[in-house]
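So you can see what is in the structure, the chains are spelled out below.
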Amino acid sequence: MATDPSEYDKAMPIVAAHLAKVERAVSRIRSSHAGQSYTKVRQALLETLQHEDTQRVVPQVVDEFARRISEEPEQLPF
């Protein structure tokens, strides 16, 4: 099934905007929840993704982000 190249050009700004929202959510949770329990990080990440209007993230991707953030050393405030 061939795809019209113009469809790609139309879709890319939408995809880029979605990925920017996901990146913001992950960054926010990383800075506030690094080193906390997986369950707590995952829940905070899901809530932040919802706030960013990016609920359509593959669950395995959310799980992996949460796992990595929970395994990071807790960040000190200074």
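Everything quoted here is computed from the prediction, not taken from an experiment.

### Quick word on the pattern of salt bridges
Throughout the structure, instances matching the rule amount to eight salt bridges. The salt bridge partner of E72 is R30, with a shortest N-O separation of 2.7 Å. With a gap of 42 residues between them, E72 in the segment after α3 (59-71) and R30 in helix α1 (residues 5-33) connect regions that are remote in the sequence. Residue E64 is joined to R67 by a salt bridge in which the shortest nitrogen-to-oxygen separation is 2.4 Å. Of this pair, E64 and R67 are both found in helix α3, three residues apart, which corresponds to roughly one turn of the helix. In this structure R67 comes out as partly exposed when scored by relative accessible area, which is 32%. The structure contains a network of salt bridges with shared partners spanning E64, R67, R68 and E71.

### A word on the nonpolar core
Counting twelve residues, the largest nonpolar core consists of V22, A25, V26, I29, V41, A44, L45, L49, V57, V62, A66 and I69. For this core, the secondary structure elements donating two or more residues are α1, α2 (38-51) and α3.

### Details of the packing of α1 against α2
Helices that pack against each other are described as a pair by the angle of their axes relative to one another and the distance between those axes. Between α1 and α2, whose axes approach to 9 Å, the crossing angle comes to 145°. Judged by the sense of rotation from one axis to the other, the crossing of α1 with α2 is right-handed. When α1 is examined against α2, the residues V22, A25, V26, R28, I29 and H33 are found in contact with a partner set consisting of K40, V41, A44, L45, T48, L49 and H51. Class assignment for the residues of the contact of α1 with α2 results in eight nonpolar, three polar and two charged.

### A word on α1
Given a rise of 1.5 Å per residue, 29 residues ought to cover 42 Å, and the 41 Å separating the end C-alpha atoms of α1 matches this to within 8%. Of all the bends in α1, the greatest, near 30°, is centred on A11, and the proline P13 appears no more than four residues after it. Every buried residue of α1 is accounted for by V22, A25, V26, I29 and H33. Those residues of α1 that are buried are in contact with α2 and α3. Note on α1: the residue one or two positions beyond its end, G35, has a positive phi of about 85°.

What counts, and at which threshold
Residues numbered from 1 in each chain as written. Predicted model: local features only at pLDDT ≥ 70, side-chain atom pairs only at ≥ 80, totals over all residues. Heavy atoms only, no water. Salt bridge = Lys/Arg side-chain N within 4 Å of Asp/Glu carboxyl O. Helix = DSSP H or I, 4+ residues; strand = E, 2+ residues; numbered from the N terminus. Buried < 20%, exposed > 50% of the residue type's maximum accessible area, 1.4 Å probe, protein only. Core = buried A, V, L, I, M, F, W, Y, C linked by side-chain atoms within 4.5 Å. Axes fitted to C-alpha atoms, helices over the stretch in contact; angles between N-to-C directions. Left-handed = near helix turned anticlockwise from the far one by under 90°. Contact = heavy atoms within 4.5 Å. Nonpolar A, V, L, I, M, F, W, Y, C, P; charged D, E, K, R; others polar. Expected span 1.5 Å × (residues − 1). Bend = angle between axes of the 7 residues up to and from the residue.

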